[in-house]
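Structural features, examined
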Amino acid sequence: MTYSSVSVEGLEDLVSKMQTAMMTIDSFTGQLGYSSIKNDMDDLGVTSEAMRTLRLIQDWIHDDELPSLRRRLNLARGLQQKSPNATMLTLDEALVDAMSSEEAEQRGRELAEAFNELGGVNEGFGDLMEDFEELAYDPDAMAGFYAELGPELAAMFAGTLGYPGNNAGDDSQRYLELMSIGLGTALMDETRPGDWYDMNEFFQETDNPVAAWGRLALLQYGDFSDSQFFVQMTVERTALDAFTQDDWADPYSNISAQNLYPHEHHMNVDLPANIAEMAFLTLGKHPEASRQALSGYEDFPLSSFVDRVYEAADYPHDRYELADAFGLAIESGVGAEGDPPRTEHTEEEAAFAFEFINASAGHDEVPYQIKDSLGRIGASYVHEMVAGSYVDDGELPGDRNSSMTDAPNDFPEGVGLEPSFYLSPEITYQFLGSFQDELYLSEPYDNAMGLLLSEQLDAAIQADQAGEGDGNRTQQVMELFGGASQLHYLARREYAADFDAQEEQRRAGVAQFYSSGMAIIPVPGAGHYLYWGFQVVANDKLSDWVSGGPGMEDQVVSENANAEAMRWYMTVQAMIENGVGEDAVPNAPAGLFEDGELKPMDEIFADEQLRQDFYDWVNENPELNGPSDDAQSGWNDGAHGVDTYIGATR
Amino acid sequence: MTENPRRRDLEQLQQRVSNRIDDLKEALDGPRTIMEDGDAWTGSRADIFGEDLGYRRTDLQGAATTLSDDIDSAVQAEPETLPEDE
């Protein structure tokens, strides 16, 4: 057994450079029939033995090496699907020797002929799918298979697998996944046969719901990352063109409103029955196709999609699931994948997010089914949400619109925040409000805020300590987050389904979290506690916010700390952890530090003498006291600015 | 004496070859670098290909030099001018 270690990218480069080498040599030999140095030499009767050597090298590339390199590359592309994150893949060289590209394509064609003869998902289909599985990751074979089978039968086989009562039974899901993987594999073959282009019939409208559903089902499971155009065109012609029409809601005339089968719960595959829903679900898996399809209609911009989907989810249409699938398509297009969602974006992702957020925020009624997506989009664009919460002194509602490029007047640049665009405070408020119904919907956003606040605060403290800029970056960062936190709080208060219950949940969470001695540094999945800790707004003791319940008596923080004191403690702790006032630490009162670390909040606030010592010690040390007071002022200024601004809108 | 048209044609050929000969000599440098870096394909089969590629590259460079020399010789062998009566 001979194994090679290969990379798709490396082999692509090697194949490309070998092709270039061959063409360079051909410009001398003219073996491929183009004008060449050899022609010119012949015309002048000049000969050279070197031409023979050049021809031999060209033949070696063309006949011996390029075919096997292309085959090796194709097999590597198939393997990459199974190990998407691997940079180097292990390839059995016997596979390269077993079949040439031409032979693999022929095997695919023969299999397609057998599918054709069977005529549907009939007796014997399982045996054919076993053969299919062997070839599903072979681009040469799959290109031959689909070229031979053709678009109509490909879609019909897939559609039938989704249809209840077909002969594949419980294997329907697995077979459909394999057929989708096979189509993705086929598209990886750069030298697809001429009749492959019949498959572009997917780019034509159809009025057959089985064919429409089948086409979209074939795009659900395979790797189409380098075939976004194929996905986009198929989704547009099959479903979205119809969805943008005036009769979009009429299942008798509009294919996008139709279902593969009327009773979705009877279907034996894990996909929705509705064509438009399938289209959005497809875009949810293909970011580039999602952006292109949803913002590419000249007369039907992204905002029209938002309007239509929100309308569809409302009475009397009640197509809730459409909003859910649409949310996934938007998440994909804006680059909100990952946990926590990614916060750095390409220009295309940011422009798409900007359009969507502005369009969605314009709606008073937002379908509940999309709100989890909105929370994740907010989390992904947390820099932009903080920037959008900024209110300049004296600014009143309506003074500015959202902008992709223009920062608000006096916006603090260079303090670490990196927004891709600047929303207006009204849009930010309405967008944040649209996912505040329940606490869990906002949790991704709250987590992202906790992580960003911690990161920005640390960076600002370090920059100030290093004497960078005016030395007030911490104060500026706290002002930004004070504003963002207050805007979020007010939006929550206005839009939460049960604000009091949410507050109780949050306060109990904060009290429990900090009472258990957890540190300020957010741990994965718990960033929201840090954010909530800073965000708490009332000046009462935390115990006044929590109505009681099991274990409440142990919550020392809730019994002894108030919100201001808590935020102050957290700021001072962040400063100490970043080395501020380190000269004062050896002289700190006994019991305040343990192993060089400031004691947790719960221990300090549980002991009145220790709390007093802590307060006095910080006040006696100007390098800690000054910046921490300035930070508190910054936070309060930001919050106050937002209070005034939102008050003016209400 | 008059200008020798064949000499002129040969010199033009010589110029065309001269313009491209470095590309020819370097045609297999890219693939060779990729194989030497080991980022695309490694293993015993890759080693054989890499070795073969090295030989072909040497042959290619030799052939390019020979071709260039042969055309230079053809130019040199041709007089620049011809007697008027020829």
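Residues numbered from 1 in each chain as written. Chains lettered and ligands numbered in written order. Predicted model: local features only at pLDDT ≥ 70, side-chain atom pairs only at ≥ 80, totals over all residues. Heavy atoms only, no water.

**Some points on the sheet that holds strand β2 (residues 41-42) of chain B**
One open sheet accounts for 3 strands, arranged β2(A)-β1(A)-β2(B); its pairing is antiparallel. In this open sheet, the two edge strands, each paired with only one partner strand, are β2 (89-92) of chain A together with β2 of chain B. Of the strands in this sheet, β1 (3-6) and β2 of chain A together with β2 of chain B touch helix α3 (residues 50-82) of chain A, which is tilted by about 125° from β2 of chain A. (Pairing = 2+ DSSP bridges. Helix = DSSP H or I, 4+ residues; strand = E, 2+ residues; numbered from the N terminus. Contact = heavy atoms within 4.5 Å. Axes fitted to C-alpha atoms, helices over the stretch in contact; angles between N-to-C directions.)

**Looking at the pattern of salt bridges**
Side chains that differ in charge, positive against negative, can pair when their charged atoms come close. The tally for this structure, following the rule as stated, stands at 33 salt bridges over all chains. Between Asp140 of chain A and Arg71 of chain A there is a salt bridge; the shortest N-O distance is 2.8 Å. With Asp140 of chain A in helix α7 (residues 139-149) and Arg71 of chain A in helix α3, this residue pair connects regions lying 69 residues apart in the sequence. With a relative accessible area of 3%, Asp140 of chain A lands in the buried category. Of the residues examined, Arg71 of chain A reaches a relative accessible area of 2% and is grouped as buried. One salt-bridge network, held together by shared partners, links Arg72, Glu93 and Asp97 of chain A together with Arg45 of chain B. (Salt bridge = Lys/Arg side-chain N within 4 Å of Asp/Glu carboxyl O. Buried < 20%, exposed > 50% of the residue type's maximum accessible area, 1.4 Å probe, protein only.)

**Side note on the interface of chain A and chain B**
With 39 residues of chain A at the contact, the number on the chain B side is 36 residues. Both faces considered, chain A and chain B share a buried interface measuring about 3,000 Å² in area, 72% of it formed by carbon and sulfur atoms. Of all residues in chain A, Phe28, Leu44 and Trp60 of chain A give up the largest surface area on contact with chain B, accounting jointly for 21% of the area buried on that side. Seen at the junction of chain A and chain B, the total is 3 salt bridges. For the salt bridge of Asp40 of chain A with Arg16 of chain B, the shortest nitrogen-to-oxygen distance reads 3.1 Å. Remark: the boundary between chain A and chain B carries 11 residue pairs in polar contact (both at pLDDT 80 or more). When residues of the side of chain A that touches chain B are traced back to their parent elements, those giving at least two are β1, α1 (8-29), α2 (37-44), α3 and α4 (93-98) of chain A. Across the side of chain A that touches chain B, the residue classes break down as 21 nonpolar, 10 polar and 8 charged. (Buried area = accessible area lost by both parts, 1.4 Å probe. Polar contact = N/O pair within 3.5 Å; in protein donor to acceptor, adjacent residues only side chain to side chain. Nonpolar A, V, L, I, M, F, W, Y, C, P; charged D, E, K, R; others polar.)

**Description of the environment of Leu91 of chain A**
Residues and elements named next belong to chain A. Here Leu91 is to be found in strand β2. Note on Leu91: relative accessible area 1%, which makes it buried. Sequence separation between Leu91 and Tyr3 is 88 residues; the distance between their C-alpha atoms is 5.5 Å. Setting aside its immediate chain neighbours within four residues, Leu91 contacts Thr2, Tyr3, Ser4, Val6, Arg72, Leu75, Leu79 and Val96.

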